[in-house]
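What follows is the residue order along each chain.
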Amino acid sequence: MPDLLPDLLPPSTPRLLLRRWTEGDAEPFAAMNADPEVTRFVSAVADRAASDRLADYADGCFDRLGFGLSALERRDTGEFIGFTGLHRMRWYPEDVEIGWRLARSAWGQGFATEAARAWVEHARGLGLPRIISIVDPGNAASLAVTRKLGMVEGWRGEQEGRPHVVMLLTF
């Protein structure tokens, strides 16, 4: 995977290092994606190969788009806990989506909101007119994060048999 390119990333937060992906992330990411509670509201990652492809996609966005889905590492423990960042979702290719996925051990501690806020500030500096977040309507935790970011409901839809709410933040 490419070397760290800090100019493509927002500044890290007091508790989290937002960084490019490394080979060492593959195993904990695959374990995270194998947890059915973690993948309950997103496309399930069935195996290690699929998890590795998702990590390659997440990091590859930096080279293709100038932003991407950064790995998240706890500063206090050095533990990989998931990802957050910006990308273009195939369902709405004209928009930039902010997304996140965290290991269950990192839930309920404000890490998703903390990292996503850093990405929102970074997105403001990119000159984007808005960002979206595509959320399963049953995912109360992610909907709460979007609201903490100042996002409002834009519309509801269904793609590939999956209902979703599109949350908007206009700059």
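Above this text sits the structure in question.
About the cut-offs
- Residues numbered from 1 in each chain as written.
- Predicted model: local features only at pLDDT ≥ 70, side-chain atom pairs only at ≥ 80, totals over all residues.
- Heavy atoms only, no water.
- 1 Å grid on protein atoms, 1.4 Å probe; cavity = no way out; pocket = protein on both sides within 12 Å on 5 of 7 lines; lining within 4 Å.
- Points joined across faces, edges and corners; volume = space filled by probe spheres on them.
- Helix = DSSP H or I, 4+ residues; strand = E, 2+ residues; numbered from the N terminus.
- Nonpolar A, V, L, I, M, F, W, Y, C, P; charged D, E, K, R; others polar.
- Contact = heavy atoms within 4.5 Å.
- Buried < 20%, exposed > 50% of the residue type's maximum accessible area, 1.4 Å probe, protein only.
- Expected span 1.5 Å × (residues − 1).
- Bend = angle between axes of the 7 residues up to and from the residue.
- Polar contact = N/O pair within 3.5 Å; in protein donor to acceptor, adjacent residues only side chain to side chain.
- Phe/Tyr/Trp six-rings, centres within 6.5 Å; stacked < 30°, edge-to-face > 60°.
- Axes fitted to C-alpha atoms, helices over the stretch in contact; angles between N-to-C directions.
- Parallel < 35°, antiparallel > 145°, perpendicular 65-115°, else oblique.
- Left-handed = near helix turned anticlockwise from the far one by under 90°.

For the largest pocket, the calculated volume is near 1300 Å³. Contributing to the lining of the largest pocket are 47 residues, with Phe-41, Val-42, Phe-83, Trp-100 and Arg-101 lying nearest its centre. When contributions to the lining of the largest pocket are tallied by element, the ones reaching two or more residues are α2 (48–65), β3 (80–87), β4 (97–102), α3 (111–125), β5 (130–135), α4 (140–148) and β7 (162–170). Class assignment for the residues of the lining of the largest pocket results in 26 nonpolar, 11 polar and 10 charged.

By secondary structure assignment, the location of Val-166 is in strand β7. Placed 15 residues apart in sequence, Val-166 and Met-151 show a C-alpha to C-alpha distance of 9.5 Å. For Val-166, the residues in contact, after removing those within four places along its chain, are Tyr-92, Ile-132, Ser-133, Ile-134, Val-152, Glu-153, Gly-154 and Trp-155.

Right, let's talk about unusual backbone geometry for a bit. Of note, the phi angle at Glu-160 is positive, near 50°, even though the residue is not glycine. If you trace the backbone, Glu-160 turns up in the loop between β6 (152–159) and β7. Judged by relative accessible area, which is 52%, Glu-160 ranks as exposed.

With that out of the way, let us pick up the environment of Pro-14. Mapped onto the elements, Pro-14 comes out in the segment before β1 (16–19). Counting along the chain gives 60 residues from Pro-14 to Arg-74, while the straight-line C-alpha distance between them is 9.4 Å.

This part covers α2. The end-to-end C-alpha distance of α2, which contains 18 residues, comes to 25 Å, matching closely the 26 Å that a straight helix rising 1.5 Å per residue would cover. Of all the bends in α2, the largest measures some 30° and sits at Asp-59. Taken together, the buried positions of α2 are occupied by Ser-51, Ala-55, Ala-58, Asp-59, Gly-60, Cys-61 and Phe-62. In this structure, the buried side of α2 is in contact with α1 (26–33), β2 (69–74), β3 and α3. For α2, the side-chain oxygen to backbone nitrogen distance between the N-cap and Ala-49 is 3.3 Å, and the N-cap itself is Asp-47.

By the definition in use, this model includes 7 aromatic pairs. For the ring pair Phe-29 and Phe-80, a centre distance of 6.0 Å and an interplane angle of 80° mean the geometry is edge-to-face. Residue Phe-29 is found in helix α1, and its partner Phe-80 is found in strand β3; the two are separated by 51 residues along the sequence. Measuring from centroid to centroid gives 5.4 Å for Tyr-92 and Trp-155, while their planes differ by 75°, and the two rings are edge-to-face. Linking Tyr-92 in the loop between β3 and β4 with Trp-155 in strand β6, this pair joins segments that are 63 residues apart in sequence. The class for Trp-155 is partly exposed, based on a relative accessible area of 27%. Within the aromatic cluster, the residues linked to one another by ring pairs are Trp-21, Phe-29, Phe-80 and Phe-83.

This part takes up the packing of α1 against α2. Across the interface, α1 lies against α2 with an axial gap of 9 Å and an inter-helix angle of 115°. Taken together, α1 and α2 sit at an angle that is classed as roughly perpendicular. Note on packing geometry: the crossing formed by α1 with α2 is right-handed. Contact with α1, carried on its side by Ala-26, Glu-27, Phe-29, Ala-30 and Asn-33, involves Arg-48, Ser-51, Asp-52, Leu-54 and Ala-55 of α2 and no other residues of that element. Grouping the amino acids of the contact of α1 with α2 by side-chain chemistry returns 5 nonpolar, 2 polar and 3 charged.

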